Amino acid sequence: MLKGLFKRVAAVFTGRAVIDDDLLDDLEAALIQADVSAGLAVRLVEELRDQAERGKLTTPDQLRQALQDKVAELLQPFEAPLVKGKERPTVFLILGVNGVGKTTTIAKLAYRHKQMGQKVMLVAADTFRAAAAEQLKVWADRVGVDIVAQKIGADPGAVTFDGVKAAQARGSNLVIVDTAGRLHTKVNLMAEVEKMGRVIERELGRPADERLLVLDATIGQNALLQARVFHESLDLTGLVITKLDGTAKAGIVLTITQELGLPIKLVGLGEKMTDLEVFSAQRFAEQMFAE
Ligand SMILES: Nc1nc2c(ncn2[C@@H]2O[C@H](COP(=O)(O)OP(=O)(O)O)[C@@H](O)[C@H]2O)c(=O)[nH]1
Ligand SMILES: [Mg+2]
């Protein structure tokens, strides 16, 4: 399903017979267009140029393969499994600005863990928009998992508290907390999610096992800015990159990992509950140039 992640990069190789400066320059530009940071794009192409000059790469096909291998190598350290709490319930706090795919990701995670035989509890702590809890309820019904919600405008910390308590009482394995993501009151949002973090820590005796930031792969460098803000407030444990289906700018995945050093735990590949995968550097690199 990951296709055309680097369409522009793939196009650079079309009709090329030799490795020359023209090809290498176009490659650098295409990587930057695909949201690979300029610094990294330059470094990657310089390494490839060096290998070509030393006769280690002789055809454009070999160059493409070498690039693919380098991408896999760069991303490999950022593969990491989801953490399981040392005591029940495991708690995942799902963060991110509006529209990135938090609620959809939560539905996918709920589905995945239910399939593994776990009892899952969703917590509708995005109380800012009436539609948010409704949307989560629809998913909870569809997937067949429990949900705790309160009225619109309720204190997200209180909803989180209820959710964790209910999960403890019912013996749930996993609690997944949905959060609001409005950006225009950034300071309040951060204060709010920090408070939710503290509520979870108080009830569990440890911080939320995963503090996952959801990022939309199609928004480019903004994703990096968002990640910095959230990481400062919440000491993130990992990232979820959504909408990798149908983006030609997947270079942001490289940029984010290199700049932030945070693992990518999951990738979103569509709108259905089955469209979630554990991040694999190898697979990502293999699909980079797929048509
Ligand atoms: N193509 C695609 N769309 C997605 C993906 N994840 C979420 N969406 C869509 O993005 C929109 C916003 O998702 P939502 O979960 O409501 O975002 P939230 O505001 O962060 O909770 C919805 O239309 C989703 O169907 C994905 O991986 N791929
Ligand atoms: Mg939502």
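For the structure, see preceding data.
Below: a short report on this structure. (Residues numbered from 1 in each chain as written. Chains lettered and ligands numbered in written order. Predicted model: local features only at pLDDT ≥ 70, side-chain atom pairs only at ≥ 80, totals over all residues. Heavy atoms only, no water.)

1. Re the nonpolar core
This is how the line gets drawn: In this text, buried Ala, Val, Leu, Ile, Met, Phe, Trp, Tyr and Cys residues form a nonpolar core when linked through side-chain atoms within 4.5 Å. Each residue is assigned to one of three classes by its accessible area relative to the maximum for its type, calculated with a 1.4 Å probe on protein chains only: buried under 20%, partly exposed between the two thresholds, exposed over 50%. Only runs of H or I of at least four residues qualify as helices and only runs of E of at least two qualify as strands under DSSP, and these elements are numbered from the N terminus. Delimitation of the domains relies on an automatic or database domain assignment. Working rule for contacts: check all heavy atoms of both residues, and any pair within 4.5 Å makes them a contact.
Ranked by internal contacts, the top residues of the largest apolar core, which has 100 residues, are Phe6, Val9, Leu27, Ile176, Leu244 and Phe284. Of the residues forming this core, the biggest block, seven residues, is contributed by helix α4 (residues 60-75). In terms of domain composition, this core takes at least three residues from each of domain 1 (7-78) and domain 2 (90-287). Look past the residues within four positions of Phe6 in its chain and what remains in contact with it is Leu31, Ala34, Val36, Ala248, Ala250, Gly251, Leu254, Phe284, Met288 and Phe289.

2. So, the pairing of strand β5 (residues 210-216)
Let me state the cut-off plainly: For two strands to pair, DSSP has to find at least two bridges joining them.
By the criterion of burial, β5 is predominantly enclosed, with seven of the seven residues buried. Residues Glu210, Leu212, Val214 and Asp216 point to one face of β5 and Arg211, Leu213 and Leu215 to the other, with burial holding for every one of them. In the sheet, strand β1 (residues 90-95) pairs with β5 via four bridges, with the strands oriented parallel. For Leu93, the partnering residue across the bridge sits in β5 and is Arg211. Relative to strand β6 (residues 238-242), β5 runs parallel, the two sharing five bridges. Its bridge partner being in β6, Val214 is matched across the sheet by Val240.

3. Quick word on the packing of aromatic side chains
To be explicit about the condition: Pairs were defined over the aromatic rings of Phe, Tyr and Trp, the Trp ring being its six-membered one, requiring ring centres within 6.5 Å. Orientation was assigned from the angle between planes: stacked under 30 degrees, edge-to-face over 60, tilted for the rest. Throughout this description, the term charge over a ring refers to an Arg CZ or Lys NZ atom that lies within 6 Å of the ring centre and within 35 degrees of the ring normal.
Per the counting criterion, the structure on display carries one aromatic pair. Between Arg64 and the ring centre of Phe13, over which it is positioned, the NZ or CZ distance is 5.1 Å.

4. Some details on the side chain of Asp209
Selection rule: Whenever two N or O atoms come within 3.5 Å, that pair is a polar contact, provided that in protein one can donate a hydrogen and the other can accept it, and provided that, for residues adjacent in sequence, both atoms are side-chain atoms.
The topology assignment puts Asp209 in the loop between α8 (186-204) and β5. Separated by 2.7 Å, the side chains of Asp209 and Arg206 make a polar contact. Filtering out sequence-adjacent residues up to four positions away, Asp209 remains in contact with Val83, Gly85, Pro89, Thr90, Val91, Leu204 and Thr237.

5. Overview of the pairing of strand β2 (residues 120-124)
Going by this rule: Crossover handedness is defined by viewing with both strands directed away from the observer: a clockwise path from the first strand over the helix to the second marks the crossover as right-handed.
Most of β2 is tucked away: five of the five residues are buried. Covered by surrounding structure in β2 are Val120, Leu122 and Ala124 together with Met121 and Val123, the residues of both alternating faces. Pairing analysis gives five bridges linking β2 to strand β4 (residues 174-178), with the strands arranged parallel. Bridging from a neighbouring strand, Val123 pairs with Val177 of β4. Tracing the backbone out of β2, into helix α6 (residues 130-143) and back to the parallel element strand β3 (residues 146-148) gives a crossover that is right-handed.

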